[in-house]
Amino acid sequence: MNSFSGRRRPTAVVLLSLAVATGVTACGSGSGSSGTKGADSGTYTVWDPYPQFAKGSAWTKLLDKCGTEAGVKVKRTGFDTSDLTNKALLAAQQGNSPDVLIVDNPVVSTLAEAGVLTTTDENKLDTSKVDPNLLAAGQSGGKTYGTPIGANTLALYYNKKVLEQAGVDIASVKDWASLTAALEKVKKAGKKGITFSAIGTEEGSFQFLPWFWGAGAKLTQLDSAQGESALSLWKDWVKGGYAPNSVLNNTQTTSWQEFATGDYAFAENGTWQLGNAKKAGLDYGVLPIPGASGGGAAAPTGGEFVTLPVQDDTGRYATTQKLATCLTSTQNLYDTDTTLSYVAPTSEVQDKQVAANAELKPWVDAVKAAKGRTSDDLGTKYPKISEQMWKAVQSALSGSKSPKDALNAAQSAVK
């Protein structure tokens, strides 16, 4: 395992520039310190972005169980997602990284480029069963840094009652033209069309990407004719009254609340709303987002990766690998992904999920077609591209620029 020994600790300058690039603020609180860490200390630290799970929850019990199986005690801290990247960069600079770090998938390439993470070649994590499109989100420069714990993505929820009243057969919705025709019928019937999030943050980019990719556009060229057609689609929907003006400020949560009123035919949202859909008592269905001329569009993958940060004491890796392997075993993935409302990253567990709950089938299909935001080796370039993308969406939908001009300005800014 001495391939680690040549690693140099990332410098403050490198980490600060990365923190700025990914939109996290560098702060010096040091409150995430994980204490002394001899290989024989018997306590291994895990940081995750699930502060909603308190002690005694299924997630913390799993961590304890994996610790017991590896013969160590697990000390776990849950952080807010936005805070976690910053804490991880700071801890790496101080030589105080946690043993296991679970992070949102677009952050993996940022931490990898900063020299914070070990590769799967080094840490011996087995990723052979993971769907390649999901694993790609944790790859950078031809190397893999961790393994996904689960995935979620976007699809279209539809209200069966609203569509029925408007005389729309959901089987007819196969591409953008037929979707727009359905929205037109819904509006004529006095109901509301589609709601989504076009807010000026990563959530706005996340929701625009299936349409952008579904047009055949690429993140390396924001101002292509394909990209323009996707932005024009959204613009025309807002202009035609098929989508509300509130999309400009909608988060995925507020957009969901609009759909939950029962007035809308469609809502673009994620796997994580399944529990809320049941609570709302809507008679709903789920449709993968269609591509411009048919077929399923690639939607971006959400979900976290289990990564193993670089340690000064390389004797810790063997136990850390046991912990990570336990967290991502077939049975534990099944249990965890049920808790998190995630689709599992392996076909084997996906099949078990669908067998237990047939409603997950369209989500499994959507996840199989999904794509990582940092895939195509974009790495740390992604946050900058994404920021210009959401700004372009805001400019076009608010009417301050045409879709073409908005995307031209976005591409110039990225360059």
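The rules behind these values
- Residues numbered from 1 in each chain as written.
- Predicted model: local features only at pLDDT ≥ 70, side-chain atom pairs only at ≥ 80, totals over all residues.
- Heavy atoms only, no water.
- Helix = DSSP H or I, 4+ residues; strand = E, 2+ residues; numbered from the N terminus.
- Rg over C-alpha atoms; globule rule 2.2 N^0.38 Å.
- Buried < 20%, exposed > 50% of the residue type's maximum accessible area, 1.4 Å probe, protein only.
- Contact = heavy atoms within 4.5 Å.
- Lys, Arg positive; Asp, Glu negative; His and termini not counted.
- Charge placed at Lys NZ, Arg CZ, Asp CG, Glu CD.
- Pairing = 2+ DSSP bridges.
- Axes fitted to C-alpha atoms, helices over the stretch in contact; angles between N-to-C directions.
- Parallel < 35°, antiparallel > 145°, perpendicular 65-115°, else oblique.
- Left-handed = near helix turned anticlockwise from the far one by under 90°.
- Phe/Tyr/Trp six-rings, centres within 6.5 Å; stacked < 30°, edge-to-face > 60°.

**Thoughts on the overall build of the protein chain**
Item 1. In terms of helices and strands, the protein chain carries 18 helices and eleven strands.
Item 2. Radius of gyration (C-alpha) of the protein chain: 22 Å, near the 22 Å computed for a compact globule of 415 residues.
Item 3. Dimensions along the principal axes, computed over C-alpha positions, put the protein chain at roughly 70 × 50 × 35 Å.
Item 4. By residue count, 55% of the 415 residues in the protein chain fall in the buried class.
Item 5. Contacts in the protein chain between residues far apart in sequence, at least 24 positions, make up 77% of those at least 6 positions apart.
Item 6. Charge-centre separation for the protein chain: the mean point of 40 positive side chains lies 2 Å from the mean point of 39 negative side chains.

**Re the sheet that holds strand β7 (residues 154–159)**
Item 1. The four strands lie next to each other as β8-β9-β7-β10, forming an open sheet whose pairing is mixed. Bordering the open sheet on either side are β8 (192–195) and β10 (284–287), each of which pairs with just one other strand. Between one strand and the next, the sheet's axes are offset by a mean angle of 20°, whatever the strand orientation.
Item 2. Of the pairings in the sheet, the one linking β7 to strand β9 (residues 264–270) comprises five bridges and is antiparallel in character.

**A look at the packing of helix α15 (residues 347–356) against helix α16 (residues 361–369)**
Item 1. Across the interface, α15 lies against α16 with an axial gap of 9 Å and an inter-helix angle of 160°. Regarding the angle of α15 to α16, the classification is roughly antiparallel. Where α15 crosses over α16, the two elements pack in a sense that is right-handed. Seen from α15, the contacting residues are Ser 347, Gln 350 and Val 354; seen from α16, they are Lys 361, Val 364, Val 367 and Lys 368.

**Points about the sheet that holds strand β1 (residues 43–48)**
Item 1. One open sheet holds the five strands; their spatial order is β2-β1-β3-β11-β6, and the pairing between them is mixed. Edge positions in the sheet fall to β2 (73–78) and β6 (147–148), since each has one partner strand and no second.
Item 2. One ladder, built from two bridges, connects β1 with strand β3 (residues 100–104); its direction is parallel. Considered in β3, the bridge of Trp 47 is made with Leu 101.
Item 3. Relative to the sheet, helix α13 (residues 317–327) contacts β1, β2, β3 and β11 (304–307), its axis offset from that of β3 by approximately 45°.

**Focus on the packing of aromatic side chains**
Item 1. Across all of its chains, the model carries 15 aromatic pairs by this definition.
Item 2. Residues Tyr 157 and Tyr 284 carry aromatic rings whose centres are separated by 5.9 Å and whose planes lie at 50° to one another, so their mutual orientation is tilted. Residue Tyr 157 is located in strand β7, and its partner Tyr 284 is located in strand β10; the two are separated by 127 residues in the primary sequence.
Item 3. Here Tyr 157 falls in the buried class, since its relative accessible area comes to 0%.
Item 4. A residue is classified by how much of its surface remains accessible, and Tyr 284, at 14% relative accessible area, is buried.
Item 5. A ring pair is formed by Phe 206 and Trp 272, whose centres lie 6.4 Å apart and whose planes are at 40°; its orientation type is tilted. Here Phe 206 is found in helix α9 (residues 202–214), whereas its partner Trp 272 is found in the loop between β9 and α12 (274–280), with 66 residues between them in sequence.
Item 6. Exposure remark for Phe 206: the relative accessible area of 6% places this residue in the buried category.

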